Amino acid sequence: MPIIFKFIFKNIKEKKTRTFLIVFSITISTALFFASTAISDSLKKMYTEQIKKFYGETEIVIQAGKKSPTKYFSTSFPPEYAKRIDYSVGVFNGIGIYKYKRNGSKYENVVISLRGMEWKDIQKMTPVTLAREYNLEPFTGKKIVISKKTADKYGLEIGKVFEIEIEGVKYKFTISGIAQMTGPFSDDGQTHQAVVPKDTLSTLYGQKGNVTTIYVKLKDPGEKQFMLSELSELLKRYTVRETISPDDLEAQAGSIVIILSMALVMVLFMSVFIIYSSFKVITTERLPMIGTFRSVGASRKVTNFVLLSESIFYGVTGGIIGDVLGIGVLYLIAKATTPVWDSSYKTSIQFSVMQLIVSFIVAVVLSLVSSLIPILKVSRIPVKDIVLNNMEIKSNKTGLWNIILGIVLLVLALLLPPMAVGNAGLALNSICILGGVAAIVLLIPFITKVFVKILEKIYVFVFGNEGVLAVKNLRNNKSILNNISLLAIGISSLLAINVVSQSSISEIINYFDRGIKYDLSFSIPEMGRSFEFSLRSIEGVKEAKGFYNARKIEVKGTDKIIQNIESADKNTFMDYFNIILGGSKENTLEKLKELDSGRNIIITGMIKNRLGVKAGDTIILRMPAGDRDYKVIDVWDTMMYGGDYAVIAERYLKMDMGVKYYDYIAIKTDKDPYEMLRFLKDKYAKNGAGGITMNEVKALIVKSNARIFGVLNGFSILTVLIGIIGVFNNLIISFIERKRSLAVLRSIGMNKRQIIKMIFVEALTGGLIGGVIGVMGGILQISVMFYIVRIIVSSIQINYSASLLLSSLLAGVIITLTASVGPAMKSSKLNIIEAIKYE
């Protein structure tokens, strides 16, 4: 036994390239498996940490709602609730304007988001670190703490006077602290945060003793749902909600986990092929030595145990490295999914020791299972055949049942996705992708035979007899058929992800260029029709229209919510949104009239699939005014709000939401949109004006999607890379298994040049077939992924690039030609006598 182990480890050490390839495959699979299982927790952690910057450990937020009589209220609680509360922090939120003069130019209005708080409450709720302070305690009177970023940007110093305009009146505050970018001073890249004494700010607004928000931390977190219910009943006209909603946490992670899981399946599939083919090489190379050991008394169990031990060695090594690499991959994925518009968003990851252990076990199991068939196959070879080297390649006949099963899986992969809806649809479509890949693998021998029959008639004129012989060799050479499978899987995965990512980004660009007919979105608190009319009188504003928006509306009888419901005025909606319902503008206008005739709703295809409804069905929306029945009158696809979007008539949304003010006003301008927005923000700065141009929104969404798809493209490239490794392995196997037949061809008259030509033609043909099948497989995957994207986000228009399809085809040819150089050179140096004679 020690001699056998010594021999095995000597081979591992000598065959460094092959050892690297096997370990690399296992490492990549382990890393992606770990990342896909841990990313959900990491995204939830990042989102939670971002929320905690402002909420701390509090669990409940109380604010004025759209039905509240005023946005100001007191902080007192009845005794029966007060005893359950660890602490409550009242905050008075306000807006200040700081007039900054830059290098002698005119004054610039800088909006300062003011938070009126007691300093002890700040340190209790969201502890703040001060870079510098001046006479901070007691935190009363006209003192202010600003962020270090604000101080650096505007040249503000500790102890200096900071003049702010509040409600049209100028007040002088003393800068008593400059805070690090933490807690309430975290910057979102657009606003500047500052803290002043609560009593001071509330008094300036004429609301002494009142607050705008209360943050509550309970003594027993387990009572959160009870207290939410009780406080909601007590404060019926106010909004009582969780600081961190489980639904929001799930929404942060859902789609990226699904997409990563699909990428993982493809990488695992390829890794199994690699390890399997590598162990075919290992067992083929070691047959003479295995025969020697078996002939001197070593049992099959002993040789099997040794080979399996080698497999475990690869699995353990790849598992350890994969776990380490997986942490890095997890960080990269988390980084790619952080909001591009939030400069303060901190990338952090979370994982458990158990996830590392499970990933390690998967690596070992992956290696063992993938190597088991070649090892058991070798163990069944009689010692006599091993010693006599009676190991010629046997015909690989395509079984009828394989063809039937392949066709069935292919048909199911084409027919089932259009019928799949909701979460079950995601699972079914993912299975369809795997079924499609399995169908391709099962049908490759049959497809190859069809290609052979066609190509042998062409090759006789192009490559002569060597070409005909080469193409005929493809029919029965399992190693080359495996190459075609690897190429097809790798190319189809890379093609599918590239096409879907490019199509998604193109769809976003097209939506903003053609679907949105206004230039910028603008808002101030409590803006109604009079403000809308006043905007239209401003020079540069061509048109302005206010919209109401309802967010996170629950659908009764389900656990689903509609993230965004927007109001539609039948007379003006199409002036701002270019939508087509029923195939024409006339039908769209009719639908908008129908929308206004009662409680009707137009939903997107994504919501239709999620809820499992269709036009004509009725859904019950849980609105602030009570449960309301809405009839689905049409379905459309849009990239607005990621496809989680519905439209109801303006008067019904206003009535059922109990709102008086617009959420935003869409503005068309004949000036530069950015300059127009800047002018409006400056004009209405004291009102807390905000807004964004549609070009900025487009750029942010495109950048965000490009980062996520960039990660997925990286994994698809790894899939192809693993496939290339398998191609090299399989060509080595093919050469080892065909040594004798190649020598026989040489002995009957074929020269070295003809042998090399035959090998290169085999590689060219295998690459060509693999490329063609890969492109067809890619189109199949794209068709299924279209339905997955439709469920997750919205329908997109798939755009096939002829250059991408052609380059995918050429990639298969180039890979196999490159990989065939080694076997071709070895064949030219083949010793005919040694190859023909038995060991």
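On a predicted model such as this, the values are computed, not experimentally measured, just so you know.

**Student:** Just checking my understanding: could you explain the side chain of Glu-456 for this structure?
**Tutor:** Here Glu-456 shows up in helix α14 (residues 422-462). A distance of 2.8 Å separates a polar atom in the side chain of Glu-456 from a polar atom in the side chain of Lys-472. If we skip the residues at most four places from it in the chain, Glu-456 touches Val-468, Val-471 and Lys-472.

**Student:** Can you walk me through the pattern of salt bridges in this structure?
**Tutor:** Charged atoms that come close allow side chains of opposite charge to pair. The tally for this structure, following the rule as stated, stands at 23 salt bridges. Across the pair Glu-650 and Lys-545 runs a salt bridge, and its minimum N-O distance is 3.0 Å. With Glu-650 in helix α21 (residues 650-657) and Lys-545 in strand β12 (residues 541-547), the pair connects residues that are 105 residues apart, well separated along the chain. Look at Glu-650 and you get buried, because its relative accessible area is 9%. A relative accessible area of 5% means that Lys-545 is categorised as buried. One salt bridge connects Lys-593 with Glu-590, and the closest N-O pair in it is separated by 4.0 Å. Highlighted residues: Lys-593 and Glu-590, both in helix α19 (residues 585-596), separated by three residues, approximately one helical turn.

**Student:** Honestly, the pairing of strand β1 (residues 60-64) in this entry has me stumped. Any pointers?
**Tutor:** Put simply, side chains in a regular strand alternate between the two faces of the sheet. Note: β1 against strand β10 (residues 238-242), five bridges, orientation antiparallel. Across the sheet, residue Val-61 finds its bridge partner in β10, namely Arg-241. The pairing of β1 with strand β9 (residues 213-218) spans four bridges and is antiparallel. If you follow Gln-63 over to β9, its bridge partner there is Thr-213.

**Student:** Quick question: what am I supposed to make of the sheet that holds strand β20 (residues 690-693) here?
**Tutor:** Each strand in a sheet pairs with its neighbour through backbone hydrogen bonds, running either in the same direction (parallel) or in the opposite one (antiparallel). Judged by pairing direction, the sheet is antiparallel, and its four strands sit side by side in the order β12-β19-β11-β20 without closing on themselves. Each having just a single partner strand, β12 and β20 make up the two edges of the open sheet. Across this sheet, the average inter-strand angle for adjacent strands is 20 degrees, counted without regard to direction. Pairing analysis gives six bridges linking β12 to strand β19 (residues 664-669), with the strands arranged antiparallel. Each residue of the ladder has a partner; that of Gly-546, found in β19, is Ile-665. Contacts from helix α22 (residues 673-683) reach β11 (520-523), β12, β19 and β20 within the one sheet, and its direction differs from that of β11 by about 5 degrees.

**Student:** It is not clear to me how the sheet that holds strand β16 (residues 618-623) should be interpreted in this structure. Could you clarify?
**Tutor:** The sheet built from six strands closes into a barrel, its strands ordered β13-β14-β18-β15-β17-β16 with mixed pairing. Within the sheet, the average angular offset between the axes of one strand and its neighbour, ignoring direction, is 45 degrees. In the sheet, strand β15 (residues 600-604) pairs with strand β17 (residues 626-636) via five bridges, with the strands oriented parallel. Opposite Ile-603, over in β17, you have Val-635 as the bridge partner.

**Student:** Could you clarify how one ought to interpret the confidence of the model for the protein chain in this entry?
**Tutor:** Close inspection of predicted coordinates is inappropriate for parts of the model with low pLDDT. Averaged over all residues, the pLDDT of the protein chain is 81; the fraction at 70 or higher stands at 86%. With pLDDT under 50 throughout, residues 393-398 is counted as low confidence; its partners more than four residues away or in other chains account for 12 contacts.

**Student:** I tried to follow a positive patch on the surface on my own but got confused; where do I start?
**Tutor:** Where like charges cluster on the molecular surface, the positive patch consists of Lys-449, Lys-453, Lys-457 and Arg-475. In terms of residue count, the dominant contributor to the positive patch is α14 (three residues). Looking at the element boundaries, Lys-449 is found in helix α14. A relative accessible area of 31% means that Lys-449 is categorised as partly exposed.

**Student:** Looking at this model, I keep getting lost on the environment of Ser-25. Mind explaining?
**Tutor:** Following the sequence through the fold, Ser-25 ends up in helix α2 (residues 16-55). Measuring from C-alpha to C-alpha, the distance between Ser-25 and Ile-274 comes to 7.1 Å, with 249 residues separating the pair along the chain.

**Student:** Help me understand the packing of aromatic side chains, please; the structure alone is not making it clear to me.
**Tutor:** In this description, an aromatic ring pair is defined by two values, namely the gap between the centres and the angle between the planes. Overall, the coordinates contain 24 aromatic pairs when judged by the stated rule. Summarising the aromatic geometry, the rings of Tyr-55 and Tyr-215 are spaced 5.4 Å apart at their centres and angled 40 degrees between planes, so their arrangement reads as tilted. Taken together, the positions of Tyr-55 in helix α2 and Tyr-215 in strand β9 put the pair 160 residues apart, joining distant regions of the chain. Using a relative accessible area of 5% as the deciding quantity, one classes Tyr-215 as buried. On the basis of an interplanar angle of 70 degrees and a centroid distance of 4.7 Å, the ring pair of Tyr-100 and Tyr-154 is categorised as edge-to-face. Of this pair, Tyr-100 sits in strand β2 (residues 85-101) while Tyr-154 sits in helix α5 (residues 148-154), and the two are 54 residues apart along the sequence. Using a relative accessible area of 6% as the deciding quantity, one classes Tyr-154 as buried.

Conventions used here
Every residue gets a number counted from 1 within its own chain, in the order that chain's sequence is written. The model is predicted, so local features are restricted to residues of pLDDT at least 70 and side-chain atom pairs to those at 80 or more, both for listing and for counting; the totals for chains, interfaces and linings are taken over all residues. Values reported for side chains reflect all heavy atoms of the structure, with hydrogen atoms and water molecules removed beforehand. To qualify as a helix, a DSSP run of H or I must reach at least 4 residues; to qualify as a strand, a run of E must reach at least 2; elements of each kind are numbered from the N terminus. Nitrogen and oxygen atoms within 3.5 Å of one another constitute a polar contact, given that in protein one can donate a hydrogen and the other can accept it, and given that sequence-neighbouring residues count only through two side-chain atoms. Any pair of residues with heavy atoms lying within 4.5 Å of one another is described as a contacting pair. Throughout this description, the term salt bridge denotes a Lys or Arg side-chain nitrogen within 4 Å of a carboxyl oxygen of Asp or Glu. For the exposure calls, accessible area comes from a 1.4 Å probe over protein chains only, and a residue counts as buried if that area is under 20% of its type's maximum, exposed if over 50%, partly exposed in between. The pairing criterion is simple: DSSP has to find at least two bridges between the two strands. To get an axis, fit a line to the C-alpha atoms, keeping to the stretch in contact for a helix; angles then go from 0 to 180 degrees between the N-to-C directions. The predictor attaches a confidence to each residue, called pLDDT, with possible values from 0 through 100. Like-charged residues are merged into a patch within 9 Å and nonpolar side chains (Val, Leu, Ile, Met, Phe, Trp, Tyr) within 5 Å, provided each residue has over 30% relative accessible area and no salt bridge. Here the Shrake-Rupley method, with its probe set to 1.4 Å, supplies the accessible areas, and only the displayed protein chains count as covering residues. Two residue types count as positive, namely Lys and Arg, and two as negative, namely Asp and Glu; His and chain ends fall outside the count. By convention, the point assigned to a charge is CZ for Arg, NZ for Lys, CD for Glu and CG for Asp. Aromatic contacts are taken between Phe, Tyr and Trp rings whose centres are within 6.5 Å, Trp giving its six-membered ring; a plane angle under 30 degrees counts as stacked, one over 60 as edge-to-face, and the others as tilted.

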